[in-house]
Every structure is written in structure tokens, then in C-alpha cells.
Protein chains: 2
Amino acid sequence: MTSSDKNFPGRDHDHGVCIESAFERAEALCRERGAKLTPLRRRVLEIIWESHAPLGAYDVLQRMNAEGERNAPPTVYRTLDFLLKHGLIHRIESMNAFVGCAMSADAHRALFFICRDCGNVAETHSEAIGEAIEASATRAGFLVETPVMEISGRCQECYDDE
Amino acid sequence: MTSSDKNFPGRDHDHGVCIESAFERAEALCRERGAKLTPLRRRVLEIIWESHAPLGAYDVLQRMNAEGERNAPPTVYRTLDFLLKHGLIHRIESMNAFVGCAMSADAHRALFFICRDCGNVAETHSEAIGEAIEASATRAGFLVETPVMEISGRCQECYDDE
DNA sequence: ATTGCAATGTTATATTATAATGAAAAATAA
DNA sequence: TTATTTTTCATTATAATATAACATTGCAAT
Ligand SMILES: [Zn+2]
Ligand SMILES: [Zn+2]
Ligand SMILES: [Zn+2]
Ligand SMILES: [Zn+2]
């Protein structure tokens, strides 16, 4: 199986592991690229990784300012742009929100499953889908550059709960 | 071939035909459902169908008000909601914009190709993609409800032009 | 006529995102 | 080191997108 894995975050998964490995990947990648993971950027990444549910920019901002700081929107958008540019987070277009990238941050075409109940997002990568899209694009005379694939629905745990 | 067709709108296609058939579909569907295609709704649908490039809500509003009318945002959003509900238009999530539905308006899962040069959008339907997504969803333990698939890239004509 | 309902109008405001400018900090060069 | 340049961050204002809340109109059923 070359394509996706069972990677929807279970209710009981060890999220500490997610966070830890996200930071390891971020640090490795920044070291490798000579990019600076400043305290501000680290903090925003940490906020994003508080859960697997996407956060809006203003939600991030609110958390940044929880202890009385006075960061303004451009600060959070700039920081999110940095994290996006380096593939450390993804933007979920259908939600105007941001979620941590769960994979090695090299450019990749991701498919997101978004649970409408718990709000969690699972990132997957499927060659079969990529190929099907390429085939369709070829028939339509279209050159694929940036696919946005965001599938709303329900995760296993949420539909087990009715 | 059960899946998609060559349906990117060519530079030279007869757009009058697109508009005409869009209105025929809209009228048939509203008749069938007892929904009212009021002058306001007809006008918005007409504005949306001016081209194959998605329009933002405020672009629609501007066109509605071009002759001095004073429609306000809720009017256009309500009207767009009606057209969306009946499948007469689609919302392109990655653009916050709206485009006419090119197919019979029964609930369908569409894939959009969006040309970054000319801005045109082609709507396609591919069983292969649907199946690939279902397969991936099953592996991830996910129940698909509302897929958003919006592929940015370049249409044939635009990359022929360099 | 009166009631009920769907459609539209109106005002205000919420939410998401960026422009423009400058100060501070960090890296690089001299 | 000091000077120079670049990157990062702060600040103020504003643009762009979307909705809440409530009023009015028009039309159909009783
Ligand atoms: Zn986790
Ligand atoms: Zn869920
Ligand atoms: Zn056309
Ligand atoms: Zn094009």
C-alpha cells in the first residue's frame, strides 16, 4: 500500500507524541534550510498544535494574547505565512483556518478529512487520487499546480457515537 | 468513458449557449421543485453567468448596483444561498467566490479546475476520483459527506500562450 | 379582512485579511 | 569594532468577506 494510512487522530491517542514530533520536524527543517524558528514562530506553531482541529488566525491571536500581550493581526498572519511557506502548517481553505502539517514538510499534495463533529483533521496522501486527478486534468486539457482537497464528513469515533 | 469530459471553456466557445442552457436548467429545476426564480434571483444568476470565472459576492453586488440601485450585502448573500441550495451555482472555497453550475443541478460531487491565468473554472465529474477518495476515506475510517476539490493550475489555452 | 409565510429591505456589526510605515534585532561586511 | 544590510517584529489603519437582527412588503390561504 503506497497511499494513505489510518491516521485519523483517535480520541485517546497520545497527543504529546504528535507535538513532540512536530517540533522535531520543524527544528530539523529550519536547521536544514537556515530558517529561523524564532520564539514567536515556535509559539504559534505550538498553539496550532494544541489540537488536530484547525484554528482561525484570530483564534491563534487570542491565544497569543491570553496573558495580556498586544500582538496585532499582521503579526499572526506573517507568522502563519512563514509556517505555511515552510510546509509546517496547512491552510484549510474551506474553513479559513490552519492546522499543523503531520508529514515531513517537503512539498506534498495532501488530502484532508475534516470531521464536522469533533473538528479534527486528518492529513493523508494518496497516489491513487493524485493519478485520478491527473487523468481527469489531462482529459480536460489542464495542467495541475495546486490541488485543494478537503473532504468534510465524519470520523469513525464520531459516527460510532451516533 | 463514464467520467469527465473535455469541458474547459475555450476562448472561442459560444458563451450564449452556456447562458441559455443554464437558464433553461434553472427554470426547469425551479418549476419541478416549486421554487421561485424571482427577478432578483434571475438577475444574480445572470451576473454569475457573465463568464466562467468565479465572482465574489461583492463583485456581484457591484454589478447589481451598477445602475444606481442600493442593494445591501444581505440581499446578495441570501440570493446566492438560494442558488447554492438548489445547486444552480457552486461556491469556490479557495477563492471565496461563486460560479455557475455547468451540470444538471442534482446533487453531485464536482471537481473544479481553476486556471490561474484566465480565471476560468471547469467543472468535472470523475467516478475514478470519487472511488479513490472513498477508498482513502475507508482506510482512514472516515465517512465522506462534502468533498471540496479545487485544482489550481493552467488551462490549455493559457499555457499554449506561454 | 386577517393571518401566515416567503421574499426583500435596512442598519449595524462581526470576521478575515492586508497595506503601509517604521523600529528593533540579527546577520554580514568593512 | 563599527557600519551596513537584511530580516523580523510592532503599530495603525483599512480592506474584503460575511452575518445578526429586525422591519417591511407582497401574496396566498383561510
Ligand atoms: Zn495528536
Ligand atoms: Zn470526529
Ligand atoms: Zn461559456
Ligand atoms: Zn486559462
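Up top you'll find the structure we're talking about.
Position labels on residues start from 1 in each chain and follow its written sequence. To read the labels, note that chains go from A and ligands from 1, taken in the order they are written. With pLDDT at 70 or above as the cut-off, local features in this predicted model cover only qualifying residues; side-chain atom pairs require 80 or more to be listed or tallied, and sums for whole chains, interfaces and linings still use all residues. No hydrogens and no water enter the side-chain calculation; it runs on all heavy atoms of the structure.

1. Remarks on the coordination of the zinc ion (ligand 2)
Ideal coordination angles are 109.5 degrees for a metal with four donors arranged tetrahedrally and 90 or 180 degrees for a metal with six donors arranged octahedrally.
All names here are of chain A.
And then number 1: Sites may look incomplete because water is not among the atoms; the donors themselves are N, O and S atoms within 2.8 Å of the metal, or within 3.2 Å for Na, K and Ca. On the protein side, the zinc ion (ligand 2) has Cys-115 (SG), Cys-118 (SG), Cys-155 (SG) and Cys-158 (SG) as donor atoms, found 2.3 to 2.4 Å from it.
And then number 2: Counting gaps between the donor residues of the zinc ion (ligand 2) yields the pattern C-x2-C-x36-C-x2-C. Within this pair, whereas Cys-115 is found in strand 3 (residues 111–115), its partner Cys-155 is found in strand 5 (residues 142–155), the two being separated by 40 residues in sequence.
And then number 3: For each residue, the accessible area found with a 1.4 Å probe, counting protein chains only, is set against the maximum for its type, and the residue is called buried under 20%, exposed over 50%, and partly exposed in between. Relative accessible area serves as the criterion here: at 1%, Cys-115 is assigned to the buried category. Where helices and strands are cited, they refer to DSSP runs of H or I of at least four residues and of E of at least two residues respectively, numbered from the N terminus.

2. Looking at the protein's contact with DNA strand C
And then number 1: For this purpose, a residue is taken to be near a molecule or strand whenever a single non-hydrogen atom of the residue falls within 4 Å of it. Near DNA strand C lie 16 residues; those nearest to it are A:Tyr58, A:Tyr77, A:Arg91, B:Thr38 and B:Arg78.
And then number 2: The sugar-phosphate backbone supplies 42% of the atoms of DNA strand C found within 4 Å of the protein.
And then number 3: Any pair of nitrogen or oxygen atoms within 3.5 Å is treated as a polar contact; in protein, a donor-acceptor pairing is required on top of that, and neighbouring residues in sequence qualify only through side-chain atoms on both sides. Between B:Thr38 and DNA strand C, the recorded distance is 2.7 Å, taken from a side-chain N or O atom to a phosphate oxygen.
And then number 4: Listing elements by their share of the surface near DNA strand C, those giving two or more residues are helix 4 (73–85) of chain A together with helix 2 (39–48) and helix 4 (73–85) of chain B.
And then number 5: Classifying every residue of the surface near DNA strand C by side-chain character gives seven nonpolar, four polar and five charged. When residues are sorted by character, Ala, Val, Leu, Ile, Met, Phe, Trp, Tyr, Cys and Pro go into the nonpolar class, Asp, Glu, Lys and Arg into the charged class, and all the rest, Gly among them, into the polar class.

3. Concerning the protein's contact with DNA strand D
And then number 1: The local shell around DNA strand D holds 15 residues, among which A:Thr38, A:Arg78, B:Tyr58, B:Tyr77 and B:Arg91 are the closest.
And then number 2: In DNA strand D, the atoms that sit within 4 Å of the protein are 42% sugar and phosphate, with bases accounting for the remainder.
And then number 3: Interatomic distance of 2.8 Å between a side-chain N/O atom of A:Arg78 and a base nitrogen of DNA strand D.
And then number 4: Contact between DNA strand D and B:Tyr77: a phosphate oxygen at 3.0 Å from a side-chain N or O atom of the residue.
And then number 5: When contributions to the surface near DNA strand D are tallied by element, the ones reaching two or more residues are helix 2 (39–48) and helix 4 of chain A together with helix 4 of chain B.
And then number 6: A breakdown of the residues in the surface near DNA strand D according to their chemical character gives seven nonpolar, four polar and four charged.

4. Overview of the interface of chain B and chain A
And then number 1: Chain B puts 42 residues into the contact, and the matching count from chain A is 42 residues.
And then number 2: For the pair chain B and chain A, the two sides together bury roughly 3,200 Å², of which 61% comes from carbon and sulfur.
And then number 3: Put simply, buried area is how much 1.4 Å-probe accessible surface two parts lose in total, over both of them, once they are put together. It is B:Phe113, B:Arg139 and B:Phe142 in chain B that bury the most area against chain A; as a group they hold 20% of the surface buried on that side.
And then number 4: Every case where a carboxyl oxygen of Asp or Glu lies within 4 Å of a side-chain nitrogen of Lys or Arg is listed as a salt bridge. Applying the counting rule to chain B against chain A returns two salt bridges.
And then number 5: Measuring nitrogen to oxygen at the nearest pair gives 2.7 Å for the salt bridge that ties B:Glu145 to A:Arg116.
And then number 6: Taken together, the connections running from chain B to chain A amount to twelve residue pairs in polar contact (both at pLDDT 80 or more).
And then number 7: Elements that contribute at least two residues to the side of chain B that touches chain A include exactly strand 3 (111–115), helix 5 (127–140), strand 5 (142–155) and helix 6 (156–160) of chain B. Throughout, a residue-residue contact means that at least one pair of heavy atoms, one from each residue, lies within 4.5 Å.

5. As for the packing of helix 1 (residues 15–33) of chain A against helix 2 of chain A
All names here are of chain A.
And then number 1: Axis lines are fitted to C-alpha atoms, over the contacting stretch for helices. Their N-to-C directions set the angle, which ranges from 0 to 180 degrees. The contact between helix 1 and helix 2 brings their axes to 11 Å, and the two run at 150 degrees. Crossing of helix 1 against helix 2: the hand is right-handed. Facing Phe-23, Ala-26 and Glu-27 of helix 1, the residues of helix 2 in contact are Arg-42, Leu-45 and Glu-46.
And then number 2: Across the contact of helix 1 with helix 2, the residue classes tally to three nonpolar, no polar and three charged. Note: crossing handedness is left-handed where the near helix turns anticlockwise from the far helix by less than a right angle, and right-handed where it turns clockwise.

6. A few points about the nonpolar core
And then number 1: By size, the foremost hydrophobic cluster in this structure holds 32 residues, and its most contacted members are A:Phe113, A:Phe142, A:Ile151, B:Phe113 and B:Phe142.
And then number 2: Secondary structure elements with two or more residues in this core: strand 3, helix 5 (127–140) and strand 5 of chain A together with strand 3, helix 5 and strand 5 of chain B.
And then number 3: Residue contacts for A:Phe142: discarding those within four places in its chain leaves A:Ala137, B:Phe8, B:Phe113, B:Ile114, B:Cys115, B:Ile151, B:Ser152, B:Gly153, B:Arg154, B:Cys155 and B:Tyr159. Grouping buried Ala, Val, Leu, Ile, Met, Phe, Trp, Tyr and Cys residues that are joined through side-chain atoms within 4.5 Å yields what is termed a nonpolar core.

7. Quick word on the pattern of salt bridges
Think of it this way: side chains of opposite charge can pair up when their charged atoms draw near.
Residue and element names in this part refer to chain A.
And then number 1: Applying the stated criterion across every chain yields a total of 20 salt bridges over all chains.
And then number 2: For Arg-11, the salt bridge goes to Glu-157, with nearest N and O atoms at 3.1 Å. With Arg-11 in the segment before helix 1 and Glu-157 in helix 6 (residues 156–160), the pair connects residues that are 146 residues apart, well separated along the chain.
And then number 3: Its relative accessible area of 54% is what places Arg-11 among the exposed residues.

8. Things to note about the coordination of the zinc ion (ligand 3)
Residue and element names in this part refer to chain B.
And then number 1: Coordination sphere of the zinc ion (ligand 3), protein contribution only: His-13 (NE2), His-15 (ND1), Cys-18 (SG) and His-52 (NE2), at 1.9 to 2.3 Å.
And then number 2: Irregular is the default label, applied whenever a site is not tetrahedral (four donors, all angles between 85 and 135 degrees) and neither square planar nor octahedral (four or six donors, opposite donors over 155 degrees apart, all other angles between 65 and 115). In this structure, the zinc ion (ligand 3) is coordinated by four donor atoms arranged in tetrahedral fashion, with angles at the metal of 105 to 113 degrees.
And then number 3: Read in sequence order, the donor residues coordinating the zinc ion (ligand 3) give the pattern H-x1-H-x2-C-x33-H.
And then number 4: Residue classification places Cys-18 among the buried positions, given a relative accessible area of 17%.

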